[in-house]
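Coordinates in review
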Amino acid sequence: MLDSKTPAGPLNDKWTDYKGHCKLVNPSNKRKLEVIIVGTGLAGASAAASLGELGYKVKAFCFQDSPRRAHSIAAQGGINAAKNYQNDGDSVFRLFYDTIKGGDYRSREANVHRLAEVSNNIIDQCVAQGVPFAREYGGLLSNRSFGGTQVQRTFYAAGQTGQQLLIGAYHALERQVSLGNVEMHSRHEMLDIVMIDGKTKGIICRNLVTGELERHFGHAVLLCTGGYGNVFYLSTNAMGSNATAIWKAHKKGALFGNPCFTQIHPTCIPVSGDHQSKLTLMSESLRNDGRIWVPGKKGEDRKSIDIPEDDRDYYLERRYPAFGNLVPRDVASRAAKERCDAGYGVGSSKQAVYLDFADAIKRYGNIEVGKQALENASEATIIKLGKEVIKEKYGNLFDMYEKITGENPYEVPMRIYPAAHYTMGGLWVDYELMTNISGLYALGEANFSDHGANRLGASALMQGLADGYFVIPYTIGNFLSNEIAVKPIPITHPAFEETEKSVKDRIDTLMNIKGKQTVESFHKRLGKIMWEKCGMARNAKGLQEAISEIQQLKKEFWSDLRIPGTINEMNPELDKAGRVADFIELGELMCKDALNRNESCGGHFREESQTPEGEAKRDDDNYAYVAAWQYKGESDWELIKEELEFEVAQPTQRSYK
């Protein structure tokens, strides 16, 4: 049986009661305890800064040149919190409920409520760090709307919120580095965890500059390495983002929770050709003001600006009048796919829809005319003033779109289409963020914890910082309080030697295949299988085919891969080969999980399970559980279920109409 360690008592009181009764480590003992943190994005940097500040001896590792290069910078639109500055009815409970409902009732209530509770503390923390959130005229922090909610609770810094939040966490981290509380190891990649007597006691990592393998001891190990969206090859993730750290932990016994729950983001710049290796995200914040539409007739060949209002189908507003363009991401993505599949797509590929700011420009222009008391303002003046407001709110996003597409989104609608983005699945963790392996924790997107089958926009930054700043500093004490007497284990211990040898043997095997095909070619083929058969829509036949195709791809990978260069040097191809090998195995598990879950929920849409209107149809009687998979051997996993209990947010069929 899985023990989630969820505290007893009413939902509102669980976190408060937990904090009042969890075990503590006194300051002098904290100095004796070593904590390893892998990954230095928002979750990792905030955790390292917080634990360093508390007095623990922290070692932080990242594969980038600097923590500043973590993919958290790419989160553009904002961060949620229940401050209710807008006085529009928001509350901690409403944020909790929106998150549970948005995740299609497939997340653990206690974890989600805790996230909603600490959300307000995150904003205060970041403001104190100097994060330049947008402000209203009167000085209060500004908010905007995001998908899946009817209130304005998203705090933002233009279109670069993730970058600004990461700079704040980075400064806090670097302060601890300068004080000697955190030891930073950049250009290092974790390749395995070291276990002694059933507990995690360190890691083996590779110095990506010299190629050397290194051993590092820790009383606890925190994995903060992000998600696995790059399993699809084309995704909004940075090209270096990978699943290796959590996959190595999984193969050592850590359960993998809900691997099939992946998120397709509705507002990405469409694919332009086979040459692409990455997709670019247009922030969901654009749905706050932009209207999404397609032509009203199939095969429309007129330019967007030449199509009159009566010939446009604002399909989200038509189908979901209560939420309109702000339906959750999974709903918006499937709706765009449906319109394109039906023949209403736009652009040269016909795999895109329009995101139009013309109405918002006029609306803001008229507001500015009123504010400036301009009489008889011309339409040109109204549009000019409106563009200035849009530029202030979204300017860098508009500039990015124009650089990539060559089109001016102030003058013509953007073209967007869904793309692989976030992963709700990850290592299974309990209420304390510990995996089922003692001493091994997973934070942020690396765990499965808070988002169920679909993440609401602007909640990724919230979860990463919540885990690092406000959750792990409390929960890690329950484990480390029992490790005070454990002396640092020498890295000459047989467990370190054996683990390093297995890592070295795998690297040698990869290098000695000496086949003909590149790592990139295998990754592309995997991505094509995953996108077509385990992407926005899935069915039993396609998933069974995908499993077989991935197994064949794996055999081919290990028999015909070619990696140039040598081991003992900087070798990015070797680094990527290890990551792609892990993606291939993970892809197989994702398809098996998707095949097993014969229901539609959130981002997991089984074509066999839908309403007459084409909406996702859940099966709460049979699938209201977390699917926690245990690795048993090659292509062999055992399903362990954590049954989900809902005391407050009773599951209902989601409706955004």
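That block above? That's the structure.
The following paragraphs examine the structure supplied in this document. The model shown is predicted, which means the values in this text are computed figures rather than measured ones.

Take the side chain of H421 next. Within the element layout of this structure, H421 appears in strand β15 (residues 414-423). Under the relative-accessibility criterion, H421 is labelled buried at 14%. For H421, the contacting residues outside a window of four places in its chain are G229, T236, N237, Q263, H265, L281, R329 and R455.

Position of S50 among the secondary structure elements: in helix α3 (residues 42-54). In terms of polar contacts, S50 uses its side chain to reach the backbone carbonyl oxygen of G468, at 3.4 Å. Setting aside residues up to four positions removed in sequence, S50 forms contacts with G468, Y469 and P473.

Turning our attention to the packing of helix α1 (residues 14-21) against helix α12 (residues 460-480). Any two packed helices are characterised by how steeply their axes cross, that is the angle between the axes, and by the distance between the axes. Viewed as axis vectors pointing N to C, α1 and α12 meet at an angle of 45°, and their least axial separation amounts to 10 Å. On the basis of their axis angle, the class for α1 and α12 is oblique. Note that α1 runs across α12; the crossing there is left-handed. Where α1 abuts α12, its residues W15, Y18 and K19 lie against F470, V471, Y474, T475 and N478.

Once that is clear, we can look at helix α5 (residues 109-129). A rise of 1.5 Å per residue sets the reference length of α5, with its 21 residues, at 30 Å; its end C-alpha atoms lie 30 Å apart and thus fit the reference within 8%. At V118, α5 shows its largest bend, some 35°. Just downstream of α5 lies G130, where phi reads positive at about 95°.

Going residue by residue along strand β14 (residues 353-356), you find V353 and L355 tucked away on one face and Y354 and D356 tucked away on the opposite face as well. Where strand β12 (residues 291-295) lies against β14, three bridges are found, and the strand directions are antiparallel. In the strand pairing of β14, W293 is matched with Y354. Here three bridges tie β14 to β15, and the two strands are oriented antiparallel to one another. The partner of Y354 across the bridge, within β15, is R415.

A pair can form between side chains of opposite charge whenever their charged atoms are brought close. Taken as a whole and judged by the stated rule, the model has 60 salt bridges. Taking the shortest distance from any N to any O, the salt bridge between K387 and E411 comes out at 2.4 Å. With K387 in helix α11 (residues 379-405) and E411 in the loop between α11 and β15, this pair connects stretches of sequence that are 24 residues apart. A relative accessible area of 47% means that E411 is categorised as partly exposed. Connected via shared salt-bridge partners are D104, R106, D330, R334, R597, E599, R618, D620 and R654.

Conventions and cut-offs
Residues numbered from 1 in each chain as written. Predicted model: local features only at pLDDT ≥ 70, side-chain atom pairs only at ≥ 80, totals over all residues. Heavy atoms only, no water. Helix = DSSP H or I, 4+ residues; strand = E, 2+ residues; numbered from the N terminus. Buried < 20%, exposed > 50% of the residue type's maximum accessible area, 1.4 Å probe, protein only. Contact = heavy atoms within 4.5 Å. Polar contact = N/O pair within 3.5 Å; in protein donor to acceptor, adjacent residues only side chain to side chain. Axes fitted to C-alpha atoms, helices over the stretch in contact; angles between N-to-C directions. Parallel < 35°, antiparallel > 145°, perpendicular 65-115°, else oblique. Left-handed = near helix turned anticlockwise from the far one by under 90°. Expected span 1.5 Å × (residues − 1). Bend = angle between axes of the 7 residues up to and from the residue. Pairing = 2+ DSSP bridges. Salt bridge = Lys/Arg side-chain N within 4 Å of Asp/Glu carboxyl O.

Functional significance is not addressed by these values, which are geometric in nature.
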